[in-house]
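What follows is each chain in one-letter form.
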Amino acid sequence: MKDKNHSQKPTHSATAIAHPNIAFIKYWGNRDDALRLPLNSSLSMNLDGLETRTTISFDESLNADSLTLNGILQEGAGLARVSAFLDSARELAVQRGILKPELQKRYFAQVVSENSFPAGAGIASSASAFAALAMAVDGALGLNLPEAQLSRLARLGSGSASRSIPTGFVEWHAGQDDESSYAESFAPPSHWDLVDMVVIVDRGHKQVGSSQGHPLARTSPLNELRVAGVDERLKVCKNAILARDFEAFAWATELDSEWMHAVMRTSTPSLRYWTELTELILWQVRYWRQQGHALCTTVDAGPNVHVIGTQNELDFALPALKALPGVMDVIVARPGAGAGLI
Ligand code: PMV
């Protein structure tokens, strides 16, 4: 480790940026909740223009980890999750001979993180948050992890964060164990000019976050059926992206979102994220597609709808979506890069 400030008690810091991602083939449910080994492989696109920027400073004189998110000092569950993640990173640094074993339990860090997109915008911030954090830790401690290992590290903080490490269009291989469960890019952002129009219908915080939601998947009688069909949908979706075949892409993407929400609804307790307005937008977009527009939908663990289309649909779709009664805002994002140090 390089001592960057030449003081007696060294500090190591770095700043990283990562983008959130939208999954076309969803991750829902784990084989191993602690390691976040997913039940199935998933597919996503990073979202350009939206970002998390995180600075981490490890400092021997600190007594505990701290987390400042969008200018507000965090306590409780948010801080505990970040601290648990940093424990894994410290352990890794000791294993790699970068951190002295006696420092593993007390080389605390100050984490300062800002999102360029509003909370409750229907864009999962945990993906960009843990991808940026993994990248920043890598830079600060000088771990120099190859991309697959960075993706695995990010996965420990949030499953979908593994997909925000590589660039563009990304597949997260479910794998068998910690080592084989990581994400990699299969096409750069420039490959296909898709746009994600995130239609905000509700700004409230979701009642059940995905970390609490994943363990419920196995209580649904539909879970096994969903998982049994994922590989086929993923193959269709990936090939459709590679061939820029919007029709096949829309089929696989919409069907996969429906399957995830079917599992959510039939879990105990039941998770029901959609509102009437969610449903209305799904109907509306389906109607527009029948009229010949290259548009489709996907919904994460919340009521806001991601309307995916080709760039040439933007002039039609953006004002049309904004004009729907009850729509609060529409955020536009294009295919984005992977995580990086600045
Ligand atoms: O990474 P998590 O634990 O926030 O889970 C993400 C789950 C979904 O957003 C609903 C689906 C996905 O694949 O991103």
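Residues numbered from 1 in each chain as written. Predicted model: local features only at pLDDT ≥ 70, side-chain atom pairs only at ≥ 80, totals over all residues. Heavy atoms only, no water.

**Student:** Can you help me understand the packing of helix H1 (residues 77-95) against helix H2 (residues 125-141) in this one?
**Tutor:** Running from amino to carboxyl end, H1 crosses H2 at an angle of 35°, the nearest separation of the two axes being 11 Å. Taken as a pair, H1 and H2 cross one another with a handedness that is right-handed. When H1 is examined against H2, the residues Arg 81, Val 82, Phe 85, Leu 86, Ala 89 and Ala 93 are found in contact with a partner set consisting of Ser 126, Phe 130, Leu 133, Ala 134, Val 137 and Leu 141. Taken together, the residues of the contact of H1 with H2 sort by class into ten nonpolar, one polar and one charged. (Axes fitted to C-alpha atoms, helices over the stretch in contact; angles between N-to-C directions. Helix = DSSP H or I, 4+ residues; strand = E, 2+ residues; numbered from the N terminus. Left-handed = near helix turned anticlockwise from the far one by under 90°. Contact = heavy atoms within 4.5 Å. Nonpolar A, V, L, I, M, F, W, Y, C, P; charged D, E, K, R; others polar.)

**Student:** Would you explain the pairing of strand E12 (residues 194-200) in this entry?
**Tutor:** Among the seven residues in E12, seven count as buried, and that is most of the element. The pairing of E12 with strand E14 (residues 305-310) spans six bridges and is classified as antiparallel. Within E14, the position partnered with Val 198 by the bridge is His 306. Bridging between E12 and strand E15 (residues 329-333) involves five bridges; their strand directions are antiparallel. By the bridge assignment, Met 197 is partnered in E15 with Val 332. (Buried < 20%, exposed > 50% of the residue type's maximum accessible area, 1.4 Å probe, protein only. Pairing = 2+ DSSP bridges.)

**Student:** Just checking my understanding: could you explain the sheet that holds strand E10 (residues 169-172) for this structure?
**Tutor:** Through backbone hydrogen bonds, the strands of a sheet pair up, either in parallel or in antiparallel fashion. The sheet built from four strands is open, its strands ordered E2-E5-E10-E11 with antiparallel pairing. With one partner strand each, in any of the chains shown, strand E2 (21-25) and strand E11 (183-187) form the two edges of the open sheet. Between one strand axis and the next, the sheet turns by 35° as a mean value, whatever way the strands run. Pairing of strand E5 (residues 42-46) with E10, which is carried by four bridges, proceeds in the antiparallel orientation. Paired with Ser 42 across the strands is Trp 172, a residue of E10. Together, E2, E5, E10 and E11 form the strand contacts of helix H5 (residues 223-243), whose direction differs from that of E2 by roughly 115°.

**Student:** What should I look at first to understand the packing of H2 against helix H3 (residues 147-157) in this one?
**Tutor:** How two helices sit against one another is set out by the angle between their axes and by the gap between those axes. Closest axis-to-axis distance for the H2/H3 pair is 8 Å, and the angle between their directions is 130°. With respect to H3, the axis of H2 lies oblique. When the axes of H2 and H3 are compared, the crossing they make is right-handed. Residues Phe 130, Ala 131, Ala 134, Met 135 and Asp 138 of H2 touch H3, and the partners they reach there are Leu 150, Leu 153, Ala 154 and Gly 157. Of the residues belonging to the contact of H2 with H3, the class tally is seven nonpolar, one polar and one charged. (Parallel < 35°, antiparallel > 145°, perpendicular 65-115°, else oblique.)

**Student:** Just to check I follow, could you spell out the domain arrangement of the protein for this structure?
**Tutor:** By convention, interface size is frequently given as the accessible area that disappears when the constituent parts associate. Per the domain assignment, the segments of the protein are domain 1 (13-190) and domain 2 (194-335). Each of domain 1 and domain 2 has a C-alpha centre, and the two are 24 Å apart. Opposite the 32 residues of domain 1 that make contact, domain 2 presents 45 residues. Counting the surface lost from both domain 1 and domain 2, the interface buries some 3,300 Å², and carbon and sulfur atoms represent 67% of this. When the buried area of domain 1 at its contact with domain 2 is split by residue, Phe 24, Lys 26 and Trp 28 rank highest and sum to 26% of it. Remark: the boundary between domain 1 and domain 2 carries three salt bridges. As a salt-bridge pair, Asp 300 and Lys 26 come within 2.6 Å of each other at their nearest N and O atoms. Of all the secondary-structure elements, those providing two or more residues to the side of domain 1 that touches domain 2 are E2, E5 and E10. Of the residues assigned to the side of domain 1 that touches domain 2, the class counts are 18 nonpolar, eight polar and six charged. (Domains from an automatic or database assignment. Buried area = accessible area lost by both parts, 1.4 Å probe. Salt bridge = Lys/Arg side-chain N within 4 Å of Asp/Glu carboxyl O.)

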